[in-house]
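Residue-level structural notes
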Amino acid sequence: MRKSGILLPIFSLPSAGGKGGLGQEAYDFIDKLAEAGQHYWQVLPIGPVNEENCPYQSASSFAGEITYISLQKLAEEGLLTSEEADLPLKEALGKAFDRFDDHALFEAFCWYEREWLDDYALYTALSEHFGTGRWDSWSDSLRDRDPQALHEWTMKLEQDIQYCKWTQYLFFRQWHQLLEYAHTKGIEMIGDLPYFAAFESADCWAARELFMVDANGRQTFLAGAPPDAFTAEGQCWGNPVYDWAQHRAQGYSWWMRRIRQQFRFFDVVRIDHMRGFESFYVIPAETEDPKDGHWEKGPGTEFFDTVKAQLGEGRFIAEDLGYLTEEVKEMVRNTGFPGMKILQFAFDTGEENVYLPFNYDTDNAVVYNGTHDNDTTMGWYKKAEDWKQRFVSWYLREKSDIPEERKYELFAGYKSEESAADAIMEPREAVRGLIEMAFSTRCDTCIISMQDYLMLGSEARINVPGIAEGNWVWQMDEGAFTEELAAYISEISGIYDRKG
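Digging into helix 11 (residues 253-265)
Between its first and last C-alpha atoms helix 11 spans 19 Å; for 13 residues at 1.5 Å apiece the expected length is 18 Å, and the two agree. Those residues of helix 11 not exposed but buried are Trp254, Trp255, Met256, Arg258, Ile259, Gln261, Gln262 and Phe265.

Things to note about the sheet that holds strand 3 (residues 188-193)
One open sheet holds the eight strands; their spatial order is 9-6-3-2-1-12-11-10, and the pairing between them is parallel. Unpaired on one side and paired on the other, strand 9 (316-318) and strand 10 (339-342) mark the two borders of the sheet. Neighbouring strand axes in the sheet, compared pairwise and without regard to direction, differ in orientation by 25° on average. The sheet contact formed by strand 2 (residues 40-42) and strand 3 spans three bridges and is parallel. Bridge assignment links Gln42 to a residue of strand 3, and that residue is Ile190. Running at roughly 135° to strand 2, helix 1 (residues 24-35) makes contact with strand 1 (3-7) and strand 2 of the sheet. Each of strand 1, strand 11 (365-368) and strand 12 (445-449) is contacted by helix 17 (residues 427-440), which is oriented at about 160° to strand 12, the strand it contacts most.

Regarding the pairing of strand 10
Two faces make up the sheet, and in a regular strand the side chains alternate between them. Residues Gly339 and Lys341 line one face of strand 10 and the alternating positions Met340 and Ile342 line the opposite face, and both faces are buried. Relative to strand 11, strand 10 is paired through four bridges, and the arrangement is parallel. Bridge pairing in strand 11 links Gly339 to Ala365.

Concerning the side chain of His247
For His247, the position within the fold is in helix 10 (residues 244-249). Residue classification places His247 among the buried positions, given a relative accessible area of 1%. Once residues within four sequence positions are removed from consideration, His247 is found in contact with Leu210, Tyr242, Tyr252, Trp254 and Trp255.

Some words on the packing of aromatic side chains
Counted under the stated rule, the structure contains 68 aromatic pairs. Aromatic side chains Tyr252 and Phe303 sit 5.4 Å apart centroid to centroid with 85° between the ring planes, which places their arrangement in the edge-to-face category. Linking Tyr252 in the loop between helix 10 and helix 11 with Phe303 in helix 12 (residues 301-311), this pair joins segments that are 51 residues apart in sequence. By relative accessible area, which is 3% here, Tyr252 ends up buried. Take Phe303: its relative accessible area is 1%, and that puts it in the buried class. Seen in terms of ring centroids, Phe347 and Trp380 are 6.3 Å apart; in terms of plane orientation they differ by 40°. Their pairing is tilted.

Describing helix 1
Between its first and last C-alpha atoms helix 1 spans 16 Å; for twelve residues at 1.5 Å apiece the expected length is 16 Å, and the two agree. Within helix 1 the residues assigned to the buried category are Glu25, Ala26, Tyr27, Phe29, Ile30, Lys32 and Leu33. One or two positions beyond helix 1, positive phi appears at Gly37, with a value near 75°.

Quick word on the environment of Leu343
Take Leu343: it is sitting in the loop between strand 10 and strand 11. Looking at Leu343, the relative accessible area reads 1%, which means it is buried. C-alpha separation for the pair Leu343 and Ser12, spaced 331 residues apart in sequence, amounts to 23 Å. Contact partners of Leu343, with chain neighbours within four places excluded, come to Tyr355, Pro357, Tyr360, Val367, Tyr368, Asn369, Leu434, Met437 and Ala438.

A few points about the sheet that holds strand 5 (residues 235-240)
The four strands are arranged 5-4-7-8 in an open sheet whose pairing can be described as antiparallel. In this open sheet, the two strands that pair with only one neighbour each are strand 5 and strand 8 (294-297). Pairwise comparison of adjacent strand axes, ignoring direction, gives a mean angle of 50° for this sheet. Bridge count between strand 4 (residues 221-225) and strand 5: three bridges; the pairing is antiparallel. Opposite Gly224, over in strand 5, you have Cys236 as the bridge partner.

Digging into the side chain of Glu25
Locating Glu25 in the fold gives a position in helix 1. Look at Glu25: it is buried, it has no salt bridge, and the nearest opposite charge is Lys73 at 8.7 Å. Other than its neighbours up to four places away in sequence, Glu25 contacts Leu13, Pro14, Ser15 and Gly20.

Focus on the pairing of strand 4
With four of five residues buried, strand 4 lies mostly within the body of the structure. Two elements, strand 4 and strand 7 (residues 279-284), share three bridges in a ladder whose sense is antiparallel. Within strand 7, the residue paired with Leu222 across the bridge is Ile283.

Here is what the cut-offs are and how they apply
Residues numbered from 1 in each chain as written. Predicted model: local features only at pLDDT ≥ 70, side-chain atom pairs only at ≥ 80, totals over all residues. Heavy atoms only, no water. Helix = DSSP H or I, 4+ residues; strand = E, 2+ residues; numbered from the N terminus. Expected span 1.5 Å × (residues − 1). Buried < 20%, exposed > 50% of the residue type's maximum accessible area, 1.4 Å probe, protein only. Pairing = 2+ DSSP bridges. Axes fitted to C-alpha atoms, helices over the stretch in contact; angles between N-to-C directions. Contact = heavy atoms within 4.5 Å. Phe/Tyr/Trp six-rings, centres within 6.5 Å; stacked < 30°, edge-to-face > 60°. Lys, Arg positive; Asp, Glu negative; His and termini not counted. Salt bridge = Lys/Arg side-chain N within 4 Å of Asp/Glu carboxyl O.

Below is the structure:
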């Protein structure tokens, strides 16, 4: 069955508080998705974010971002007054924590999640106490997780630890309420599983043997990417690098728990940086220079064989972008997971480009105009060189699978002198054409970012790779997802046989 959906991070939902969350704004968006005939809502990772709001540098691979908790919903439950729901998050949550009395459910949650929650809550409390999540700067006994030290600090910070666990309980409860509501509307959630963990995380602190760190807890290698089309100097992300020999020796048990957790949150999981399982780029920690890096081999197909053996046939999307060797391509083929087709990449070279729809050789793929790491399609098109705009315009008119009668509606002066092969389309015309071209492809699934439907420019970009500041903040205006827009999306979903 052909399907379509919309990509919109949770933090980009409209909200008076300046950051979207799990309140009414999320339920309203699901209603609009259903009205628009969509099947999927794709989000970015929902774990705790770092100081730059980056969801790919999380303090836990298992926890949720508590700023998404809806204070309004706590007010509806009687844990806050309506006035208190307008207080700053931490102050409001503190008041709700003092009033909470459903201890049986909370204790059951703590017991069920204890394998990660105990470490995460202690890590969070220690980070706040010492003013840093750099666990390698803590005392040697805490850095090395001496059992006596862990016990003493657990007792000392008991109230802070309980508060952390309780906020996770709230997040999990509100998330699953939202997920259940989505399912009643015929909407499935697509999540995003980052490949790397963060160094400043409970993951690395609690299982340092799984990462390349020395006896003092210092990183010996850093994760990153070589120079490429995104950044000429390469990228140094700073994440710790996995010791895959140790993961293999443990039967990949940490990863199995991590993936199992994702499928508790989502119906479909996008695996970020899929190529890292075949080989990954490492940079010496002493230089932090991507140009000094080299490739190391990952676990390959063996890893995904283990996933299938232990977790069954989960529904995944392989983020198979970037520099791909034949070994990477073979690994992805062996998994059977659908890969990604990005239309913004299709016009960088000639007609042989693998991202051009007439070169697609499988239905088992997910087509996007762009990802969260790309500019909006409007921003990308406006900045594109003259020859690239002409290429886009020519392809849309002459080579795309958009039906002929639809092209007459979409493209001004179609089949007239004004639409000559070398004529450049106006930006809105090109963006609308690229959206419908994505819908028209043979790919089983089509996902369009909300910004593209709203015809927004670079001001609505989510992330610029290699730039630390100013990312992960765009928020949709309230009321932007109009009845008219929902009707248009529903219409094209029907035209291209993707209606949910």
